[in-house]
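Summary of structural features
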Amino acid sequence: MGGNLKVCVKYYSQAIDLFRGLNNRFRLVSSLTGRAAAYSMRAFLVSVSSTSSSEAISDLTEAIQIAAEISSFSGRAWAYWALGMLYIVNGQFGKSLEALHHGLKLALEIEH
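Definitions and limits used
- Residues numbered from 1 in each chain as written.
- Predicted model: local features only at pLDDT ≥ 70, side-chain atom pairs only at ≥ 80, totals over all residues.
- Heavy atoms only, no water.
- Helix = DSSP H or I, 4+ residues; strand = E, 2+ residues; numbered from the N terminus.
- Buried < 20%, exposed > 50% of the residue type's maximum accessible area, 1.4 Å probe, protein only.
- Contact = heavy atoms within 4.5 Å.
- Salt bridge = Lys/Arg side-chain N within 4 Å of Asp/Glu carboxyl O.
- pLDDT = per-residue confidence, 0-100.

Within the fold, N90 resides in the loop between α4 (73-89) and α5 (93-109). Residue classification places N90 among the partly exposed residues on the basis of a relative accessible area of 33%.

Rendered as structure tokens:
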């Protein structure tokens, strides 16, 4: 399973490069969040370095910022959900609940 997630991260990285080049910020948010979710799932399933968590947090911070700039409530909600799940994997339950609450609030606002 860890190998498949490694490939998943690779494909998301290629998509991120593509959407940055195309200046498609909506798809960039989705790809950043997807890569971060893959990082956190991989961290949950197999032992990985803290570098993966740092990269995931960086991806999610960027995704949240871009989603806010382009008014993508669903993009922000998904990014906050992924951030909350990453914090769970890292044992940071207070931060996890805060991020998940932000995501839930956004999802409820748009009735998603």
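To continue, consider the side chain of S72. Its location among the elements puts S72 in the loop between α3 (50-69) and α4. Look past the residues within four positions of S72 in its chain and what remains in contact with it is F26 and A67.

So, about the pattern of salt bridges. Counted by the stated rule, this structure contains three salt bridges. With a shortest N-O distance of 2.7 Å, R20 and E62 are connected by a salt bridge. Separated by 42 residues along the polypeptide, R20 in helix α1 (residues 2-22) and E62 in helix α3 bring together distant segments of the chain. On the accessibility criterion, R20 (39% relative accessible area) is partly exposed. You can call E62 partly exposed: its relative accessible area is 22%.

Chain-level statistics for the protein give a pLDDT mean of 88 and a share of 88% at 70 or above. Averaged pLDDT values for the elements of the protein fall to 85 in helix α2 (residues 25-45) and rise to 95 in α5.

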